[in-house]
Amino acid sequence: MKRLKHIILSTSTLNSEALSNGGFGPVNDDCFAIGYGIRSYGCEAKVMTYNLGAQQYADCLAKAMEMMREAALAQAP
């Protein structure tokens with residue numbers, strides 16, 4: 001049970017365009033907080049952390065999203 005108390009990835013959906021970052025963030029020093037939303041123009045995500053390389057994480061997340069998009073388009077009739 002002790003393991004479950006240490007969160008390293010915290011996520012939340014940001015459904016409203018009026019919200020910026022969703023009012024949440026990392027819950028401890030080695031946590032990544034990801035706020036995400038689905039919009040008419042595609043997906044977006046906000047990555048927040050305490051000096052753990054948020055930009056690198058965001059770059060990898062963007063690449064993964066692009067790869068999923070390409071895979072979905074390849075499967076479309």
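Residues numbered from 1 in each chain as written. Predicted model: local features only at pLDDT ≥ 70, side-chain atom pairs only at ≥ 80, totals over all residues. Heavy atoms only, no water.

**Q** What is the right way to look at the side chain of asparagine 28 in this model?
**A** Tracing the chain through its elements places asparagine 28 in the loop between strand E1 (9-13) and strand E2 (32-39). Excluding residues that lie within four positions of it along the chain, asparagine 28 makes contacts with His6, Ile7 and Tyr50. (Helix = DSSP H or I, 4+ residues; strand = E, 2+ residues; numbered from the N terminus. Contact = heavy atoms within 4.5 Å.)

**Q** Help me understand the environment of threonine 13, please; the structure alone is not making it clear to me.
**A** Within the secondary structure, threonine 13 is located in strand E1. Remark: the alpha-carbon pair of threonine 13 and isoleucine 38, spanning 25 residues in sequence, is separated by 8.5 Å. Within the structure, threonine 13 has its side chain in polar contact with the backbone oxygen of tyrosine 36 (distance 3.4 Å). (Polar contact = N/O pair within 3.5 Å; in protein donor to acceptor, adjacent residues only side chain to side chain.)

**Q** Help me understand the sheet that holds E1 in this model?
**A** Within a sheet, neighbouring strands are paired by backbone hydrogen bonds and run either parallel or antiparallel to one another. Read from one edge to the other, the open sheet built from three strands follows the order E1-E2-E3, with strand pairing classed as mixed. Strand pairing shows two members of the sheet lacking a second neighbour, E1 and strand E3 (42-49), which therefore form its edges. Each neighbouring strand pair of the sheet contributes to a mean axis angle of 20°, computed without reference to strand direction. Here eight bridges tie E2 to E3, and the two strands are oriented antiparallel to one another. Considered in E3, the bridge of glycine 35 is made with lysine 46. Packing against the sheet, helix H1 (residues 54-75) makes contact with E1, E2 and E3, and its axis sits at approximately 160° to E3. (Pairing = 2+ DSSP bridges. Axes fitted to C-alpha atoms, helices over the stretch in contact; angles between N-to-C directions.)

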